[in-house]
Amino acid sequence: MKAKDIDVKNPNQHFVSLKCGLIVYINVDWFQSLKHASYSTRTLWLTIDNLPQSICYLQENTFLLLVIPGPTEPNTEQLSGLLEPFVKELEQLGEGELFSIFGLEEQEMVYVALPFATMDTPSHLKTAGFVSQNSDKNMCPCCKAPFYSLVHPDCFDHSKFTYQDQANQLKWKYLHGKQSQDPETQTTITENKGVHMSILDCLPTWDGALSISTEIMHMFWGGGMTAIVSSLELLVKSRVILIEGSTFMGTGKQSEPTPLDRLSKFVASIWWPKSSGRFQLKIASGEHPKADEWSNFM
């Protein structure tokens, strides 16, 4: 019988090549748990990515880890506190734990890694320690495009992207967490750097913005459309004529209707099918529609 050492630190060795190396990912989402009241409840669940796709998302293979009662959502720091016990257990599992495996007589060392998460954009950013996609200075955790750039073609030209420095982001996240007794400094870091402390950054397999996938619905309908309408309104108030005779043209006078006012008037004149949802009601009342409501509207 021959024995040899295996270099587990070999960077060319795939994690899933370990006999019991499990890749997991988490999903965090909010839902309205009451029909006739505004009561937001959040759930956190985990899925094993090694499983075949046909059974990966079955109920018996999905683990409910946490239920966060409402009525309001916790902020990023509070959410990190709630996730801390889960992250501590993941750190232990990353080092390896002995488990009884079905079909095997002896226990096997099981390793677990969390390299990414799948959620909608607002949950992604809050969980991973980034500011909202509607932030003026830091709407994107991956690039440095400001909010107002959404109305310029260069914002969509990948050859002109200026990417964020992930190491620098991690540094400011750490400093944000260290200043827990100084809210003013934390606010300054958040406003200027676009980050919060996130407990997930303690995991060696977590890679900041690269661990959160792009989710189109909220990025475009929830962030992009709102940004475009808001930016157009700002330009009109600054006496900039976008398109002569268009909906967004104005003199900048205080009494002049805003683009949102014009859109509300247009929406109110339309006969709406039941499938359109609550979008038209929110527009008419001056509220901000959600991403799925923008999508239904278009």
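The structure contained in this document is the topic of the report that follows. (Residues numbered from 1 in each chain as written. Predicted model: local features only at pLDDT ≥ 70, side-chain atom pairs only at ≥ 80, totals over all residues. Heavy atoms only, no water.)

### Overview of the overall build of the protein chain
- Assigned secondary structure in the protein chain consists of nine helices and five strands.
- For the protein chain, the succession of helices and strands along the chain, N to C, is β-β-α-β-α-β-β-α-α-α-α-α-α-α.
- Split into buried and exposed, the 298 residues of the protein chain put 37% on the buried side.
- Sequence-distant contacts, at least 24 apart, represent 53% of the contacts inside the protein chain between residues at least 6 apart.
- Accessible surface, the protein chain: about 19000 Å² in total, of which carbon and sulfur atoms supply 57%. (Helix = DSSP H or I, 4+ residues; strand = E, 2+ residues; numbered from the N terminus. Buried < 20%, exposed > 50% of the residue type's maximum accessible area, 1.4 Å probe, protein only. Contact = heavy atoms within 4.5 Å. Areas by Shrake-Rupley, 256 points an atom, 1.4 Å probe, with all protein chains shown as cover.)

### Comments concerning the nonpolar core
- Core analysis: the biggest nonpolar cluster contains 31 residues, and I26, F86, L114 and W206 have the highest contact counts within it.
- Take this core: its biggest share by element is five residues, from helix 2 (residues 76–95).
- In this structure W206 touches L114, P115, F116, A117, A128, L200, D201, S211 and I212, once residues within four positions along its chain are discounted. (Core = buried A, V, L, I, M, F, W, Y, C linked by side-chain atoms within 4.5 Å.)

### Things to note about empty space enclosed by the protein
- For the coordinates displayed, the defined rule picks out one cavity of 30 Å³ or more.
- When its volume is computed, the largest cavity comes out at roughly 40 Å³.
- What lines the largest cavity is simply F130, V131, N138, C140, P141, Q164, Q169, K193 and G194. (1 Å grid on protein atoms, 1.4 Å probe; cavity = no way out; pocket = protein on both sides within 12 Å on 5 of 7 lines; lining within 4 Å. Points joined across faces, edges and corners; volume = space filled by probe spheres on them.)

### A few points about the pattern of salt bridges
- Counted by the stated rule, this structure contains two salt bridges.
- For D154, the salt bridge goes to K160, with nearest N and O atoms at 3.0 Å.
- Taking the relative accessible area as the measure of exposure, D154 reaches 34% and is therefore partly exposed.
- Where D201 meets K173, a salt bridge forms, and the shortest distance between an N and an O atom there is 3.1 Å. Within this pair, whereas D201 is found in the loop between helix 5 (183–193) and helix 6 (216–237), its partner K173 is found in helix 4 (residues 166–178), the two being separated by 28 residues in sequence.
- On the basis of relative accessible area, K173 is assigned to the buried category, the value being 4%. (Salt bridge = Lys/Arg side-chain N within 4 Å of Asp/Glu carboxyl O.)

### Digging into the packing of aromatic side chains
- For the coordinates displayed, the defined rule picks out three aromatic pairs.
- Taking the centre distance of 5.2 Å and the plane angle of 20 degrees together, the rings of Y25 and F116 count as stacked. Of this pair, Y25 sits in strand 1 (residues 21–32) while F116 sits in strand 5 (residues 108–117), and the two are 91 residues apart along the sequence.
- Judged by relative accessible area, Y25 falls into the buried class, the value being 4%.
- Grouped by ring-pair contacts, the aromatic residues Y25, Y57 and F116 constitute a single cluster.
- Cation over ring: K173 sits above F130, and NZ or CZ is 4.0 Å from the ring centre. (Phe/Tyr/Trp six-rings, centres within 6.5 Å; stacked < 30°, edge-to-face > 60°. Lys NZ or Arg CZ within 6 Å of the ring centre and 35° of its normal.)

### Overview of the sheet that holds strand 5
- Within the open sheet, the five strands sit side by side as 3-2-1-5-4. Their pairing is mixed. Each having just a single partner strand, strand 3 (62–68) and strand 4 (97–99) make up the two edges of the open sheet. Pairs of neighbouring strands in the sheet enclose a mean axial angle of 40 degrees, with direction left out of account.
- Here five bridges tie strand 1 to strand 5, and the two strands are oriented parallel to one another. If you follow Y25 over to strand 5, its bridge partner there is F116.
- Of the strands in this sheet, strand 1, strand 2 (40–48), strand 3, strand 4 and strand 5 touch helix 2, which is tilted by about 140 degrees from strand 5.
- Packed on one face of the sheet, helix 3 (residues 121–128) meets strand 1, strand 2 and strand 5 and runs near 115 degrees to strand 1. (Pairing = 2+ DSSP bridges. Axes fitted to C-alpha atoms, helices over the stretch in contact; angles between N-to-C directions.)

### Some thoughts on the side chain of K173
- For K173, the side chain forms a polar contact with the main-chain oxygen of A128, separated by 2.6 Å.
- Setting aside anything within four residues of it in sequence, one finds K173 in contact with A128, G129, F130, V195, H196, M197 and D201. (Polar contact = N/O pair within 3.5 Å; in protein donor to acceptor, adjacent residues only side chain to side chain.)

### Concerning the packing of helix 4 against helix 5
- Contact pair helix 4 / helix 5: the axes reach a minimum separation of 9 Å and the direction vectors enclose 160 degrees. One finds that helix 4 runs roughly antiparallel with respect to helix 5. Both helix 4 and helix 5 take part in a crossing whose hand is left-handed. Residues W172, L175 and H176 of helix 4 touch helix 5, and the partners they reach there are Q186, I189, T190 and K193.
- When grouped by side-chain class, the residues that make up the contact of helix 4 with helix 5 number three nonpolar, three polar and one charged. (Parallel < 35°, antiparallel > 145°, perpendicular 65-115°, else oblique. Left-handed = near helix turned anticlockwise from the far one by under 90°. Nonpolar A, V, L, I, M, F, W, Y, C, P; charged D, E, K, R; others polar.)

### Quick look at the environment of E95
- Inspection of the secondary structure puts E95 in helix 2.
- The spatial distance from the C-alpha of E95 to the C-alpha of A113 is 9.5 Å, given a sequence separation of 18 residues.

### Examining the pairing of strand 1
- Taken together, the nine bridges between strand 1 and strand 2 define a ladder with antiparallel strand orientation. Bridge pairing links W30 to R42 in strand 2.

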